[in-house]
Every structure is written in structure tokens, then in C-alpha cells.
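Okay, here's what each chain looks like letter by letter:
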Amino acid sequence: MNTEVATPDNLVGPLAVINETPLREIRAEHASRVVRRIVDKESLLKRLDVAAFQSAH
Amino acid sequence: MPGPAGDEAGGAHPLSQFVMKVHGRCDLKCDHCYVYEHADQSWMIKARAMSKDVARAAARRVAEHAARWRLPLVRVVVHGGEPLLLRPAGLDELITEIRTPIEAVTRLSLTMQTNGVRFSPAFGDVLKRHRVRVGVSLDGDREANDRHRRFANGSGSFDQVRAALALLRTPAYRDLYAGLLCTIDVRNSPERVYEALLAEQPPAVDFLLPHATWDNPPLRPDGDATPYASWLSVIHRRWLADGRPMRIRLFDGLHSTARGGPSGSEQLGADTVDMVVIETGGEYEQADSVKTAYDGAPATGLSVLTHSVDEVSRLRPIAVRQRGVAGLSAVCRSCPVVQQCAGGLYAHRFRSGHGFDSPSVYCADLRVLIDRTNEETRMHEADAKPEETGPADVIDQIASGFGDEATIGWLTEQERSVTRALVAATVEQHGETTGWLTLTALEQGHAGAVRHVLAHPYVRAWAVGMLRTGDHEGMPYLGGLAAAAAVHASVPVETDVRIERGVVTLPTVGTLYWPEPITAAARIAAEPGELRLTGPDGVVLTVDLSQPGAAAHWQPARHIARDGWSVRIEDGDPARDCHGWTPAQRLDDHAVGHWRDSLAAAWRLIDTELPEYAPALRAGLKVIMPLEPDPAGRQRASTAMDAFGSLSAAPVGPAELAVLLVHEFQHAKLGALLDLYDLHDPDSDARITVGWKTESRPVEAALQGVYAHAAVADVWRRRAARDDPRAPELYAMYHRWTVDAIAALRETGALTPLGDDFVGRMAATVASWDS
Ligand code: SF4
């Protein structure tokens, strides 16, 4: 039965691979891991998109 | 036999995971299924599907329990049988019944486990609306999957499942995709299974050992004493060598328990199992896997219609699962790997006459697997370059509030890799374009030029936009990147671009302005020393690149540099509009002169007043994106998390600009760190009251605010030492905001151990100011 509790994720390993790969050869599964963490964050993972400063005066 | 299921084992305790069987039948007839094919045959007498009344009663019981124990989060797994046998409308109704009472008292995380065969856009829309994440069962390649996962007529389900997964990967439903569940059969090739699973790009994979007990031991072909360890080790080695492209829960759990962390799974490790199953008719049961033991094994005799969750939690078979290692057999308790294994899955320990008081029937495999996994991981980490886990002090460096050039350089590299991955993903999603083909061809001989262009901060903002929508209209942006790289490389290219509201951007090179603010397809030819843009009606704009100046239709990139600082003014790229405020339109020379003066003076101030912040800013800040001024004259500045290296601001004087640069770049540094590491539980929707905003803030926003305001407090602390009359009051205010918010953040319980560490270091920095 799949009752997962997430252990903390990190992107460092996949990024090290991507960094050394020519654009054309970046594998979909590596890219999709980045997409999930960076792009698919709006609905299920709440990430801040913009940190804005506006003075009060 | 274990004691009667109704045995009470003492006081009630909190349970936070509930598996709800919303449909009791399945459209597949897998021969390894524990519901239909194992000892427990109670499915024959259970309700076919969960009624609305039962769902409502179950949810009320869960809500009442969550309220009594003040549970911060309840997890509900929508399960079967096959939950998609409910039609979309039925599923919608049932999930609504489940959500309403629970969400009135606590947070709810919903997942569904399905065979995927019936998954469709109609189901996807229902699940999306209710934010239900979907796990799909797939046993590997066609041969592996269809060995067991077949319809009643004997035909395989592989094609239907793959179609479902393809649908789950589209932008509309990608958020829902939780992962794959693969039941191991050692007769399948582990390499082929791994590759087939990987090809589905799952966020996570869980491998399940086939259900077995000491009475019904698992298949062990060819006399290999530990075939399951051998099979999984092949995958473990391959997965490490591939750079862990997906999460594999079993291995993540072993890596975590090897360092004393939680396993995150009930298969291995001593995490307490605080789970109960609610059957279609409302009966409470133990974990499904216990069905494999003996007929009636999971039954508790209690029901949501008549009993509370507290009453179930007192039952011995449920309570014993809470005791971790202390609840295991004597053999396991004295086993050297007990902290990582903890007797394996509960159901696998069953032996007639001994109940569940034995090691796992997979004991030999588990011992070998754990030792081997630990060893393989050690060897891999010893071989790996240090970058693979990040510099050891990256968290320290950023938490100190500053970050040296090497740390910021490393973060910048990671951000560039993120951009590369996202650009590649846009092509995977929308298909190849001439711009892409040109860019990748250029990369072969001129990798430096392509890297330079991809370092433009708004490439990522553009890619994120493309990946969040199904609309491919914006893809010719890649043509602008290719043309820019070609200019840097002095190589002739011709490619498609798009005039977007009158603009074609060649990031890092310059911006072409079409005479009218149209949006239309166009073609660009970059020759050494010349650009030619051909737009609608064959109109051609030509740029002589040997002439440094601007023209009505051409604005070369403008750089402002002094004393080791250098930024580019970005006022052309349409993708820059991601900062929450209106970007300024093309700046005239006067406006750029104003920026030049303000920046030069602000940099001098930072170098003299705030020298610790200077190295990070110099290394990381590459672009200033001017904003329209605020009509009320207030300062405006922002950092977009999808544009590392850029900062937007409305025109402002040097003293304020110095503070803004420091404040905003704190956001950028922390944003880049959060791209890489989990400092907080992303599922947490805790809200924190902070001094700098009237409304309470989510965890990440509060963390960002604390980090950036601590720096502002630091600025005023230093200015106080220089007898600035406003400084003591401002320092006191920012300091109080920071200290209070740090305390509030720590109280949420939403920080990961890394996040706790980070906040602790930040608190220590702030505390050191008082002395
Ligand atoms: S390896 Fe065997 S003895 Fe050790 S904890 Fe696991 S099941 Fe128990």
C-alpha cells in the first residue's frame, strides 16, 4: 500500500548531470525532475514567485 | 494466530493516515493482488462501492479524531479495488464528502492509488479540482507488467496504463502525477523494468516486494538465496550511476535511515505506522498487506458507523505498529541492521503459530540489500565530485547572511543548470523549432556563446511560462537566443523569431523594435557584423553591429560597470514582465544616465558601509530591470524567483538603492537555495504573523522575509554606528521583526532539519549583533 511520507528532496545530483550535458542530450527524465520542482509548484507545492519590496512612505 | 483483533492494548493514540476503499472491485485481475488473490477473501462479502453516507461518516470520524489530537495534517489515500470504477461524477461526490468535514478542522493531503486503466481527462479534472495526487501501478516493461497485470480475459493492461501516464504528463495534469508503484517479480529483467519506469518520468517510484509469509514464501528461482536483494541492487547501482533521475522511495528511505533519518515508508525502517484502512462498507481494517496472512486477518470488527478512530487506535494490532523497534521479534531486535530494516513489512512476518512475531520472510534479502546499498552508496559518494551534494558549507554561507564569491558562483551554476533543463523541457513539451535546432547546432562548436546567452536571467522565466501553459506560440523565443549566441560566436545563422508587441529580443546582445507594436512571426538572419529581421509584408529591418550606437529600431545591450561591479540594463525582453509590477519601457539615455549615477554611488556605499554583502552581489547580480515608478512615489523593487541574477526596481536615490540591492539580493540567494534544497515542508500551509506585513504569511514567504529583513536590520545597525539619526529606531524595528518572525517560524514545526539548521544559524547571527 502506497502511503508515502516525503523525505526531503534536493536537486543537486540531477543538476550536476545536466550541467555536463549538451542541451540536445539532456534526458527527459532529468529535465522532468527539474520541471516538477521548479515549475509545478503553484498548485501543490507552495513556492514564492516574487518577493517584492515597497516602502511604506 | 495473533490475539483477537478486538484485543485492546491500552490508551488511544493519534492515527494520521487513512486508506479509504472507495470501490471494492477491480477491472484487472492481477494474480499477485493482495485484495483478491490472497488468503483473506472478505472482499466477496463487502460492499461494492463506498456510499456517500459511509464516506461522510468516515470523514466525520477522521475529522473528530484530528480535532481531538490536534493533528496538523491528515493523509487520506483513495484506494480500491479500483477507485476509477466510480465514474468521474461519483468520485467527485465522494471526495467532496471526504474533504468537507476534515478540511474544517485540519489540513488534508489526498492521494489516489489506481491501476490507471480508466484514467481520462474527465477524471483528471475531478482530481485536479480536489488536488488529489495520483499513484499508478506499473510493473515495468510490457512483458513484466503483463506477466501479472491482466484483464479477466487474459489480455495485458500495459498499453492502457501507458496512455494514462502520457495523459498525466501533460501540463494540465502533471501536478497530479505522484509516481509509480512497481511490484517486483525477480523473473523480470531489473534493467528493463528500471528503464521502462524511468521512461514514464515519474516523480517517484516505489518497489514492492511481492506479498509473502513464512507459510507462503516468495518465489526464489535458481536457488539464489537472496534474489530480491540481487534484483534491487542492479537497479540501485544503475540509479546512482544515472544521477538519481527519479526518486526511488525504497532507496531514498535506506539512504535516509543510514544517516539516522526516517524511512518514509512502512516497508522498511522503524517509522511508526499510524495508518488504518476504512473499507467500502465502513469497516475499519489493518493495512491491506495483512490480507496475505490468513482469512479475516485485517478485520477489526469495528466500523465508522459505530466506532471512533480512537477506539480503533487502541486495538493491539494497530497499537503495536506504533512501537517501532520495541514491538519487533527478539531476532530482529538484536539484528545489526534493525534500525534500517525494522523487520520489513509487517505482513511479511506472519507465520502460523507465531502470528507476526518473527523476522520478515524476506529477512535474508533485506540484510544483504541493506548492507549492499549502504556500501554502494558509500563508494558512489567517495567517487562523486564534491558538487553532487553541494559544497559542505553552502547552507552556512548563505545562513550567515552573506555568501562568498565561490558560494554564489556555485549557486549561479546550479541556476544555469535549472535553466538548461527547463529549456530542454520546453522542447520536449512543444516540439523542436528552428530556433532550438540552431541553438543546439551552435552549441557544438560555440558552447561558451550559448552558455552566455542562457545565463540571461529571463530565459528561465520564459521557459517556466511555456511549461505552465499548453500554448506553443512563445517558442520562437529560442530563435532570439540562437541569434544572440550566433552574434557572440560570429557565426552566420538564420532562424524563426517572433515579434512580440513590437519587440524581438536577442538577450545579452540587444533589442529590435518593430515600427508598430504588433505580434507576428518573423525571421532573423545574423551575419557577422549585421542583423536582418524580416517581418510581415516582407519589411526588413537591418542593424549594422559594427556601429555601437542605438537607432529607432535597435537598442544594443547597455552595461553599467565600475570598480569590479557590472550589470546590464534589461528594458526590452518581454519575459522580464514577471516581477509583479509593470516594467519600464525602453529607457532613453537620460534615464540610463540616472541609473548609472545611482548605481555607482550605491555600489560605493555598499563597498564602504556593507562590505560583507559586496562579494555576493558582485558575483550574482547581473541585470537591473527598471520598473515604472509608483504613482504615489513609494519605493518599488522586487526579485522574481524565476529570474536569478536580476533585480527590478523603480528609479531611486543611491542610499535607498544600496539598501534595496542588499535586501533584494538576499531574496535571490535564498530563492536559489530553496530551488535546490527543502528547508521547509512544501505541503505545510502554516501561516505566520510578521511585522512587515499586515496579513499572515506562508512559511516560505516568512522565511524569505526574515532573511531579507535581517539584512536590512544589519544595514541600520551599521549606520547607527555612523551616527545616522534615523538608525537606532529603524534598527530596533527591523531587529524586532526579524527576531519575532524567527521564533514564529520555529514554532510552526514546518521546517525540515536543514531548515531548522538554517534558521538556527540566522538566529545566531542576529543574536551576535546584540553583544
Ligand atoms: S534483517 Fe531480518 S532480522 Fe534484521 S530487522 Fe530485518 S527482518 Fe529482522
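You'll find the structure just up there.
Only a predicted model underlies this, so the values are computations on that prediction, with no experimental measurement involved. (Residues numbered from 1 in each chain as written. Chains lettered and ligands numbered in written order. Predicted model: local features only at pLDDT ≥ 70, side-chain atom pairs only at ≥ 80, totals over all residues. Heavy atoms only, no water.)

### Notes on the overall build of chain A
When helices and strands are counted, chain A shows 2 helices and 1 strand. Helices and strands in chain A line up, N terminus first, as α-α-β. Classification of the 57 residues of chain A by burial places 61% in the buried group. Total accessible area on chain A stands at roughly 2,200 Å², and carbon and sulfur atoms take up 52% of it. (Helix = DSSP H or I, 4+ residues; strand = E, 2+ residues; numbered from the N terminus. Buried < 20%, exposed > 50% of the residue type's maximum accessible area, 1.4 Å probe, protein only. Areas by Shrake-Rupley, 256 points an atom, 1.4 Å probe, with all protein chains shown as cover.)

### Notes on the interface of chain A and chain B
Across the boundary between the two partners, chain A contributes 55 residues, which contact 99 residues of chain B. Taken together, the two surfaces of chain A and chain B that pack against each other cover about 6,700 Å², and 53% of this comes from carbon and sulfur. Counting across the interface, chain A meets chain B through 3 salt bridges. With a closest N to O distance of 2.9 Å, arginine 37 of chain A and aspartate 678 of chain B form a salt bridge. Linking chain A with chain B are 16 residue pairs in polar contact (both at pLDDT 80 or more), by the criterion used here. Residue contributions to the side of chain A that touches chain B peak at 11 residues, all from helix H2 (residues 28–38) of chain A. Here the side of chain A that touches chain B is composed, by residue class, of 27 nonpolar, 13 polar and 15 charged. (Contact = heavy atoms within 4.5 Å. Buried area = accessible area lost by both parts, 1.4 Å probe. Salt bridge = Lys/Arg side-chain N within 4 Å of Asp/Glu carboxyl O. Polar contact = N/O pair within 3.5 Å; in protein donor to acceptor, adjacent residues only side chain to side chain. Nonpolar A, V, L, I, M, F, W, Y, C, P; charged D, E, K, R; others polar.)

### Brief notes about the pairing of strand S3 (residues 107–114) of chain B
Within a regular beta strand, the side chains point alternately toward one face of the sheet and then the other, so they alternate between its two faces. Residues and elements named next belong to chain B. Burial of S3 is extensive: 8 of the 8 residues sit out of reach of the surface. Burial of the side chains of S3 extends over both faces: Arg107, Ser109, Thr111 and Gln113 are buried on one face and Leu108, Leu110, Met112 and Thr114 on the other. Relative to S3, strand S2 (residues 73–79) runs parallel, the two being bridged by 6 bridges. Opposite leucine 73, over in S3, you have arginine 107 as the bridge partner. With helix H2 (residues 88–103) bridging S2 and the parallel S3, this β-α-β connection has right-handed handedness. Pairing between S3 and strand S4 (residues 132–137): 5 bridges, direction parallel. Bridging across to S4, threonine 114 finds its partner in valine 136. Chirality of the crossover, the property in question, places the unit of S3, helix H3 (residues 121–129) and S4 among those that are right-handed. (Pairing = 2+ DSSP bridges. Right-handed = clockwise from strand over helix to strand, strands pointing away.)

### Quick notes on the packing of helix H18 (residues 458–468) of chain B against helix H19 (residues 477–489) of chain B
All names here are of chain B. Contact geometry of H18 with H19 gives a least axis separation of 11 Å together with a crossing angle of 155 degrees. In terms of orientation, H18 lies roughly antiparallel with respect to H19. In the packing of H18 onto H19, the handedness of the crossing is left-handed. Here Tyr458, Val459 and Trp462 of H18 come into contact with H19, specifically with Tyr477, Leu478 and Leu481. Residues belonging to the contact of H18 with H19 are distributed by class as follows: 6 nonpolar, no polar and no charged. (Axes fitted to C-alpha atoms, helices over the stretch in contact; angles between N-to-C directions. Parallel < 35°, antiparallel > 145°, perpendicular 65-115°, else oblique. Left-handed = near helix turned anticlockwise from the far one by under 90°.)

### Points about the pattern of salt bridges
Opposite charge on two side chains allows them to pair when their charged atoms are near. All names here are of chain B. One pass over the full model with this rule turns up 50 salt bridges over all chains. Across the pair arginine 192 and glutamate 143 runs a salt bridge whose closest N-O atoms are separated by 3.6 Å. Placement of the pair is arginine 192 in helix H6 (residues 190–199) and glutamate 143 in helix H4 (residues 142–148), with a sequence separation of 49 residues. Residues arginine 238 and glutamate 195 are paired through a salt bridge, measuring 2.7 Å at the closest nitrogen-oxygen approach.

### Some thoughts on the sheet that holds strand S5 (residues 177–183) of chain B
All names here are of chain B. Spatially, 10 strands are ordered S7-S6-S5-S4-S3-S2-S1-S8-S9-S10 in an open sheet, and the strand pairing comes out mixed. This sheet does not close on itself; its edge strands, each paired only once, are strand S7 (247–248) and strand S10 (299–303). As paired strands, strand S1 (residues 17–21) and strand S8 (residues 275–278) are joined by 4 bridges and run parallel to one another. Counterpart to phenylalanine 18 in the pairing with S8 is valine 276. Its contacts with the sheet place helix H5 (residues 158–168) against S4 and S5, and it is angled at close to 150 degrees to S4.

### Overview of the packing of aromatic side chains
Residue and element names in this part refer to chain B. Inspection of every chain in the model, using the stated rule, returns 13 aromatic pairs over all chains. Note on phenylalanine 119 and tyrosine 173: the rings are 6.3 Å apart at their centroids and 85 degrees apart in plane angle, and the pair reads as edge-to-face. You can see phenylalanine 119 sitting in the loop between S3 and H3 and its partner tyrosine 173 sitting in the loop between H5 and S5, a full 54 residues away along the chain. Of the two residues, phenylalanine 119 and tyrosine 173, neither departs from the other in class, the shared state being buried. Centre to centre, the rings of phenylalanine 644 and phenylalanine 665 are 6.1 Å apart; their planes meet at 45 degrees, and the pair counts as tilted. (Phe/Tyr/Trp six-rings, centres within 6.5 Å; stacked < 30°, edge-to-face > 60°.)

### Let's talk about the nonpolar core
All names here are of chain B. Judged by nonpolar contacts, the single largest core of 144 residues is most densely connected at Leu422, Leu661, Leu673 and Phe758. The element best represented in this core is helix H22 (residues 654–676), accounting for 13 residues. Core analysis: the next-biggest nonpolar cluster, separate from the first, contains 94 residues, Met50, Ile95, Ile102 and Phe158 among them. (Core = buried A, V, L, I, M, F, W, Y, C linked by side-chain atoms within 4.5 Å.)

### Examining the site of the ligand
Residues and elements named next belong to chain B. As a matter of local geometry, the ligand sits amid Cys332, Cys335, Val337, Val338, Cys341, Gly343, Pro359, Ser360, Cys363 and Arg367. Where the shell around the ligand is concerned, the elements lending two or more residues are helix H12 (338–341) and helix H13 (363–383). Looking at the shell around the ligand residue by residue, the classes come out as 7 nonpolar, 2 polar and 1 charged. (Near = heavy atom within 4 Å.)

### Remarks on the packing of helix H24 (residues 727–748) of chain B against helix H25 (residues 753–770) of chain B
Residues and elements named next belong to chain B. Between H24 and H25, the shortest axis-to-axis distance is 11 Å and the interhelical angle comes to 150 degrees. One way to sum up the angle between H24 and H25 is to call them roughly antiparallel. In terms of crossing hand, the pair formed by H24 and H25 is left-handed. Mapping the contact onto sequence places Tyr731, His735, Thr738, Val739, Ile742, Leu745 and Arg746 in H24 and Val759, Gly760, Met762, Ala763, Val766, Trp769 and Asp770 in H25.

### Focus on the sheet that holds strand S14 (residues 520–527) of chain B
All names here are of chain B. Within the open sheet, the 4 strands sit side by side as S11-S14-S15-S16. Their pairing is antiparallel. Bordering the open sheet on either side are strand S11 (493–499) and strand S16 (540–544), each of which pairs with just one other strand. Ignoring which end each strand starts from, the neighbouring axes of this sheet average 20 degrees apart. Relative to strand S15 (residues 530–534), S14 is paired through 5 bridges, and the arrangement is antiparallel. Considered in S15, the bridge of alanine 526 is made with leucine 531. Contacts between H19 and the sheet are confined to S11, S14 and S15, with S11 contributing the most and set at about 140 degrees to the helix.

### Remarks on the side chain of histidine 667 of chain B
Within the fold, histidine 667 of chain B resides in helix H22. Among the polar contacts made by the side chain of histidine 667 of chain B, one reaches the side chain of histidine 663 of chain B at a distance of 3.2 Å. Discounting chain neighbours no more than four positions away, the residues touching histidine 667 of chain B are Ala51 of chain A together with Thr639, Met641, Gln704, Gly705 and Ala708 of chain B.

### Focus on unusual backbone geometry
Most peptide bonds are trans, and most residues other than glycine sit at a negative phi. Residue and element names in this part refer to chain B. Residue glycine 81 is bonded to the preceding glycine 80 through a cis peptide linkage, with omega at 15 degrees. Looking at the element boundaries, glycine 81 is found in the loop between S2 and H2. Of note in this structure, glutamine 201 is not a glycine but carries a positive phi near 50 degrees. Turning to its location among the elements, glutamine 201 is positioned in the loop between H6 and strand S6 (204–208). When its relative accessible area of 13% is taken as the criterion, glutamine 201 is described as buried. A positive phi is found at serine 490, a non-glycine position, where the angle reads about 55 degrees. Its place among the elements puts serine 490 in the loop between H19 and S11.

### Looking at the environment of glutamine 339 of chain B
Note that glutamine 339 of chain B resides in helix H12. C-alpha separation for the pair glutamine 339 of chain B and threonine 257 of chain B, spaced 82 residues apart in sequence, amounts to 7.1 Å.

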